[in-house]
Every structure is written in C-alpha cells, then in structure tokens.
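Results of the structural survey
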Amino acid sequence: MSIKIGEIPYKERIQNGIKDDFMRQAVSSAQGRFRTGRLTQAAELGNWEDWRDLGEEIRTHTLENLDYYLHQLSEQVARRGGHVFFAETAEEANQYVKSIIQKKQAKKVVKAKSMVTEEIGLNKALEEVGAEVVESDLGEWILQLDEDPPSHIVTPALHKNKQQIRETFAKKKGYTGSDTPEELAAFAREQLRQDFLSADVGVTGCNFAIAESGSITLVTNEGNAEMVTSLPDTVITVMGMERIVPTWEEMEVLVSLLTRAAVGQKLTSYITAITGAGLELEVDSPEEFHLVIVDNGRSKILGTEFQSALHCIRCAACINACPVYRHIGGHAYNSIYPGPIGAVITPLLEGYDDHKELPYASTLCAACTEACPVKIPLHEHLIRHRQIIVEKEKGPTAEKLMMKGFAAWASNPAIYNMSAKMAKPALGPWTKDGMIENGPGPLKAWTEVRDFYAPQGQSFRSWFKQRQKDGESK
Amino acid sequence: MKVSLFSTCLSDILFADVAKNTLEILERVGCEVDYPMEQTCCGQPAYNSGYLQEAKASMKQMMKAFRHSEYVVGPSGSCVSMLKEYPHIFKGDPEWEEEAKVFAAKCYEITEFLVDVMGITDLGSTFKGRVTFHSSCHMKRLLGVKEQPKILLRNVEGVELVDLPWEEDCCGFGGTFAVKNPVISQEMVSEKSRHVSETQAEYLVGADMGCLMNIGGRMEREGKKVKIIHITEILNTH
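Keep in mind the model is a prediction, meaning the values are calculated, not measured.

Brief notes about the pairing of strand β4 (residues 201–204) of chain A
All names here are of chain A. Neither face of β4 is open: one carries Val-201 and Val-203, the other Gly-202 and Thr-204, and all of them are buried. Where β4 and strand β7 (residues 234–240) come together, four bridges link them in parallel fashion. Residue Gly-202 lies in a different strand from β7, and its bridge partner there is Val-235.

This is the structure in structure tokens:
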C-alpha cells in the first residue's frame, strides 16, 4: 500500500461514502463522542488556548531546528546501542527493514499501529521476502484480515460494525462466537497473544522521538506496543522524520495535547518508551534496536509555506471536527491520511495529479483549524493548494473565464452598479413568489439542491441614492 | 461616530433589506452613516477558489472605496472576516501592505460593532417568536465573534431563543463548494435543516446571508415553514 489507496474516481468515492448508511452513522456518533470528549478535557484544563500556543511553539521550534535534533537523536540512539538509518524514500526504508528481516531469518513480524509504515507500504515489502506480518492494534488487525485500508488515522476501522467484524473473524480465523464486542476482543487477544510470543521481530511506528535521550515513545490504549517492543528480541521503529521533540519536557506537553485532542482522554492506558538496545538496567530492552527515519517527501515541505503541516501530531482532531468527513467517510479521500490534514499533506507527499480534488473537499469552515492542538492553519493551507492548482492549470477553463469576469466586475463600480440594477429584471423569467427553483447558467447547480432567493427589489445602493435625494429635497 | 456602511454585494443585490436594517440600526444608535458607492465585493468568491490575482483586484477596489472611512461596518461575519485577512494577503506588497493593515483594523461586523465598540447590548427591540440561531463559521472562527449576536438577541423583548443542535457545524455552503461538491453540500445542508426542525423554531436567525440563503433555500425546497431572518431585521424593531 502507499498513500493512495485505490483507483476509484473521486465522484464515485463520494457516492460510495454517502450511500454507506452504517459508516455515516458510526462516524457521526464517533465524531460526537470525540468532540465532546475533546471539549470537556479542554474545559477542564481551563487554559486550552495557552496549551495550544505552547504546542505550536514546540512544533515550530523543533521543525526549524530539525537537522540539529535529528542529529542529536541519532547520536543518542547509537550511544545506547541502537542503529539508525536515514531513508530518503519509501523504497530505501523498506529495503533496510527487509535486509534486517532477512539477516535475522525472521519468519514472523508483529507490528504496533503505525501510519508511516502504511505510507511506505512496509507490510507488502516484508511479505515479498517471505515474512508473515501481523498487525497487533485491534483496528489494524481487523483491516489486515479484511484487506481493507484505514479510514481514520487514530481509529482505523471506524467504518466497520461488529457484524462485519464477526464475519471477517469467522471467514479468516475460524471464529464461531457472537458479535458482542467483549467476545470479539477476547478472541483477538487470544489470537494475537500467540503472535506476540512467536514473533521474531517487532515493528513499531513512533509518536514522539526524544532527541535528548534517544528514546522512542508510543501512545496506545491496548498495550500492544508493550508486547511488540518487549517480546521479540529485535525491534525496528519506523518514524517520519518530523516526529521528534527536543526533551521529555516537550514530550509531556505534546502527549497532554494529543490524548485530549484525539479521543478526549487525559492520558492513554499506555505510553511505551524504548531507549536503545541491550541495556542492562532496562529489563525489557530489546537485544537489537533499529530506528528508521523516513523522509519520503517531507524535507521538500520544509522551508515552504506548508511547513506547519509537518507540525501534525496525528491526533485526528481535525478529522473528528470535519463535517465533510462525517458525510463521506475516510475512504472517499483515497488516501491513508483522510480528512482535513489528509487533504493538506496528501498532495504535498504524492503530488496533485491523483489528489487534485482534495483541497476542494472542504467548505473552509475552519472547524479543523480550530480543533488542531498545535494550531496548523489547515483551511489556509487548503486555499493555498487551490491557488497552486489554479496556477498550474493551463489554457482557459469556464471557471477561469468566470473569475476573470469577477475581477472585472468587482474592480469596476460602473459595471458592478449595472449588474446590481439588472439582477432583478434579468432573473425575472425564472422567479416565482420571490424564489427561483430552476435557475439558469451558474444558478443551475445551486438550484438542483435548493431554491435560490431572487433579488428582493431594487438594490440597496439604488434605494440609498433615492433616499439621499429625497433627503436633500426635503 | 462616523461609520461607513459595507453592505456586502450579496445584501446589496439580493437582500437589500438587510443593508437597510443595518443602516437604520447604526443611525438609531447615533452614528453618522455614509455609503461609499465605489464599494463592490470583499473578494471572497475568488480568494477561496484559489484565484488570488482576481481576488486582489476586488480587494484593492474595496480599500480605495473605504480609504477615508473611520469605521467600516457590515452585516456579515464572513465578508468582514475576509476584509480582516487583507493584511495577510497583501503582506510584502510595498504599495498595499500598509493600507491593508489600516483598512482591516477599522472593519467590524455589525453585532461586534454594537457590543464591543458602542457598548450596546440592548437595542430596545421587540420581536415575537421562537427563534434559533445559526452561528456562521467564519464569523465565530475567523472573526472570533461568538457571543455578541446572542447577547443582543437575548435582550430583544418577546424573543424565545432556543439552542440549535450541532450549532458549530457548517451548513455546507462554502461559496463555490456548494456548486463544486453539490452532493456533499446537499447532505450537509439537509442535516442542518433537520437540526433546525428539531428546535421547532419559527425563525432561523443568522448574521450571514450566505449561510441563511443556503439553509433557507434548502428548507424551501423541502417545503418547510421555517423562515430565515437576518439578525438586523429583529434588532431593527421597536
């Protein structure tokens, strides 16, 4: 898999999402829960905006000094017995992980939840060299069994209901139990426990890497990251190059923001940390540890006006706040990164060609920007994407001509005045009782969904002129 | 106090009553109001569609039109929030950067102006009816004006203000979004319409005609009886 998840055209994806009643119901109720949780937690902190400011400051500082902190991180990991590999591309990252798997003659790999390994298509690469790869995050495991891409970055199987999950378990794992969540979860636990015990290598993503100590931290509720990092002898962490903080102090701030913004929790059940390998004082330290730092297009974003998109801590607050996402679901974005943040970073990482509709899949309501715990101006980035798409568009399009017309109209009061006068009579033939049900030209698309209000009477400016005249003659 | 009325092109051309009510309210509270005839559109339709040069042509016209104004006050949180963006848009432009800053600093949405600048929370208005309020996205999130319209509404005699469920959600208008993504827009506005119905309000009040004509147009299509009404119409009663 890569960032793009399929070949279905945009309009069809939207229709698929809108027709999926179950998904919409599930997303809607999850959004309600997550949002309420986030707002409750923010209110309890009392000074949420100060926290957001601090979060933004930390991310800005770190990204502006990324080379320094990456250097420090790799020195510290190496000092504590770990290996560090910088991968410029997805292929390089996969190649490196494959080489370790082969060297270890590993048959089974267990994974903790990771978006970046999804992004680089690591599972497929490892399967190519004969390794069995098992996702251990419950949502990811369900999706892996069903060969279905994630639809959300925190709760990847949000679009599936318990009946569907039961069927998947029955078909792929011989499950015979009921569809109660407890029984399903117990079955998953039993199955995964065997995988944890028999795995040769553990692979994780990374929530925050701590430069000062060379530690990797993972934030989970299921505790699976604990198993992935402590049972296999060899652990490989794959991280996006921006997922780094200077010290534990900043990590604490960002985790406080992350768990509250993501699911409305003060803290998750587990925060797992790995520091190096073979350390005598740490009983669960792996014998061998590799850190793969992935660029895959990120450094191209550094230093551009999109740099703040790299501040993202993958909490999905923007996704949970987005009313467009609520109706179309994650798969409609055709990216493993859906929702507002996905619409911003997908074209940056994979180009506009396959993703040019995404920046327009937003009303620019700014609910995302408001929800973001590190204050990424998401809706502004979407506008900037639109500007770039317009700049790239060659030759005249109907929209371009219309916008040229707009500029001429809005920069010339004489033309504007004329249109203000003409609007009512011009729309007269389509107007009935003050409403237009079936409008001409540009109004057509509007009136397919809703009525259009015809001009009430003369324009305000005509009325005002008349009023002034009347005033003077009095 | 000298105030220049910014009618917004939408109210100027389609909803003249909104601009008239705004003018009359400003006069009632003692402002000396003029209406610069050179004003056109804030530029948002082009700006939000990615047409920066076209938007700037419109924006320059607006700055010229209000060059001599002390205060610029308009009946739309969305359009005023666009005016407030000018300094950001003209940053680094030697000719317009300074003017954009000066201009943006004097622009206000009408309820914001009444409450924050004039210090008025009760206009002595009377309006009978059960109403619910749609808080428009740009007004509350970009302009940061949330409580002002509600403060004013609560002080209107006879108004019964009921909360709109999922009030924070966008109505699905989004300018060209409504025609570029009609399918998603329809789902969003239909959901908003359902929430309005749940309140059993007779009127849907708002401070942005863009959102109101979207929700109202949809409710008309669905044959609902709820009337849309701009907040200035309620405030401009005695």
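Considering the interface of chain B and chain A
One frequent convention defines the size of an interface as the accessible area lost when the parts assemble. In this complex, chain B contributes 71 residues to the contact, which on the side of chain A involves 67 residues. With both chains or domains summed, chain B and chain A bury close to 6100 Å², and 62% of this area falls on carbon and sulfur atoms. For the pair chain B and chain A, the number of links is eleven salt bridges. Here Arg-221 of chain B ties to Asp-451 of chain A by a salt bridge, and the two come within 2.7 Å at their closest N and O atoms. Where chain B touches chain A, the interface holds 34 residue pairs in polar contact (both at pLDDT 80 or more). Looking at the side of chain B that touches chain A, the elements that each hand over two or more residues are α1 (9–13), α2 (16–28), α3 (44–48), α4 (52–65), α8 (137–142), α10 (177–180), α11 (182–198) and α12 (209–221) of chain B. Counting residues per element, the side of chain B that touches chain A draws most heavily on α11 of chain B, at nine residues. Tallied by class, residues from the side of chain B that touches chain A come to 33 nonpolar, 20 polar and 18 charged.

Details of the packing of aromatic side chains
One pair of aromatic rings is described through two measures. These are the centre distance and the angle between the planes. Tallied over the full model, the rule gives 25 aromatic pairs over all chains. For the ring pair Tyr-175 of chain A and Phe-187 of chain A, a centre distance of 4.7 Å and an interplane angle of 50° mean the geometry is tilted. Of this pair, Tyr-175 of chain A sits in the loop between α9 (162–173) and α10 (181–198) while Phe-187 of chain A sits in helix α10, and the two are twelve residues apart along the sequence. Like Phe-187 of chain A, Tyr-175 of chain A is buried. Aromatic ring contacts, followed pair by pair, group Phe-6, Phe-66, Tyr-86, Phe-90, Trp-96 and Phe-103 of chain B into a single cluster. Between Arg-33 of chain A and the ring centre of Phe-34 of chain A, over which it is positioned, the NZ or CZ distance is 5.7 Å. One cation-aromatic arrangement involves Arg-450 of chain A over Trp-446 of chain A; the distance from NZ or CZ to the ring centre is 4.3 Å.

Reading guide: rules and limits
Residues numbered from 1 in each chain as written. Chains lettered and ligands numbered in written order. Predicted model: local features only at pLDDT ≥ 70, side-chain atom pairs only at ≥ 80, totals over all residues. Heavy atoms only, no water. Buried < 20%, exposed > 50% of the residue type's maximum accessible area, 1.4 Å probe, protein only. Helix = DSSP H or I, 4+ residues; strand = E, 2+ residues; numbered from the N terminus. Pairing = 2+ DSSP bridges. Contact = heavy atoms within 4.5 Å. Buried area = accessible area lost by both parts, 1.4 Å probe. Salt bridge = Lys/Arg side-chain N within 4 Å of Asp/Glu carboxyl O. Polar contact = N/O pair within 3.5 Å; in protein donor to acceptor, adjacent residues only side chain to side chain. Nonpolar A, V, L, I, M, F, W, Y, C, P; charged D, E, K, R; others polar. Phe/Tyr/Trp six-rings, centres within 6.5 Å; stacked < 30°, edge-to-face > 60°. Lys NZ or Arg CZ within 6 Å of the ring centre and 35° of its normal.

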